[in-house]
Amino acid sequence: MSPVTIWLLCGVLGIGLELIVPGLIVIFFGCGAVLTGLCLWLFPAMAIELQLIIFAVVSVILLFAFRKMLKKKFFQKATTDKDELADEYVGKQAVALTEFENGRGKVEFKGTGWEATSSDEIHKGDLVLIVSHESITLQIQKL
């Protein structure tokens, strides 16, 4: 098997491995291997040392140049959805369904019962304000 084929196969394998290994890192080393294979195809007499230098330099340059941009582009939606979800709760009113004991109880919000915590004294039927949420527990304060 020729060295060009080996570099290209390693590159394609690295790019494909990114689908299994998260983090947007392996893909850049795969691209570095593909580009090294293309350079070797253009200049077949290239020494192995130069091939390794090209691979390392190109991979690191691609990693630092594009990782942040691609991560922001492909993974920004998750943080946006979380912010939109916070907007759906925070600042809204709910009604206490139970007496709060040890700062914990239940509230009704949008027709659904929710676990809630509060440092205020909350009684059944009190109107409360949602100040934040953590997972499925609302943090509230008395109105």
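In the block above lies the structure referred to throughout.
Residues numbered from 1 in each chain as written. Predicted model: local features only at pLDDT ≥ 70, side-chain atom pairs only at ≥ 80, totals over all residues. Heavy atoms only, no water.

Draft legend 1. Structural context of the pairing of strand E1 (residues 93-96). Here E1 runs beside strand E4 (residues 127-134); their pairing, made up of three bridges, is antiparallel. Among the inter-strand pairings, Ala 94 is bridged to a residue of E4, identified as Val 128. Relative to strand E2 (residues 104-109), E1 runs antiparallel, the two sharing two bridges. Note that in E2 the partner of Ala 96 across the bridge is Val 107. (Pairing = 2+ DSSP bridges. Helix = DSSP H or I, 4+ residues; strand = E, 2+ residues; numbered from the N terminus.)

Draft legend 2. Local environment of helix H1 (residues 3-17). Taking 1.5 Å of rise per residue, the 15 residues of H1 would be expected to cover 21 Å, and the 21 Å separating its terminal C-alpha atoms lies within 8% of that figure. Buried within H1 are the following residues: Val 4, Trp 7, Gly 11 and Gly 14. Take H1 and look down its axis: the buried residues cluster within an arc of 100°, on one side only. Exposed residues lying more than 90 degrees from the buried face of H1 are Val 12 and Leu 13. (Expected span 1.5 Å × (residues − 1). Buried < 20%, exposed > 50% of the residue type's maximum accessible area, 1.4 Å probe, protein only. Arc of directions from axis to C-beta.)

Draft legend 3. How the structure looks around the sheet that holds strand E5 (residues 137-142). A barrel is described by the order of its strands in space; here five strands give the closed sequence E1-E2-E3-E5-E4, paired in mixed fashion. Taken pair by pair, the neighbouring strands of this sheet meet at an average axis angle of 55°, ignoring direction. Of the pairings in the sheet, the one linking strand E3 (residues 112-117) to E5 comprises three bridges and is parallel in character. Considered in E5, the bridge of Thr 117 is made with Gln 139. (Axes fitted to C-alpha atoms, helices over the stretch in contact; angles between N-to-C directions.)

Draft legend 4. Local environment of the side chain of Thr 117. Looking at where Thr 117 falls in the secondary structure, it is placed in strand E3. Judged by relative accessible area, which is 18%, Thr 117 ranks as buried. Those residues in contact with Thr 117 that lie beyond four places of it in its chain are Phe 100, Gly 103, Arg 104, Thr 137, Leu 138, Gln 139 and Ile 140. (Contact = heavy atoms within 4.5 Å.)

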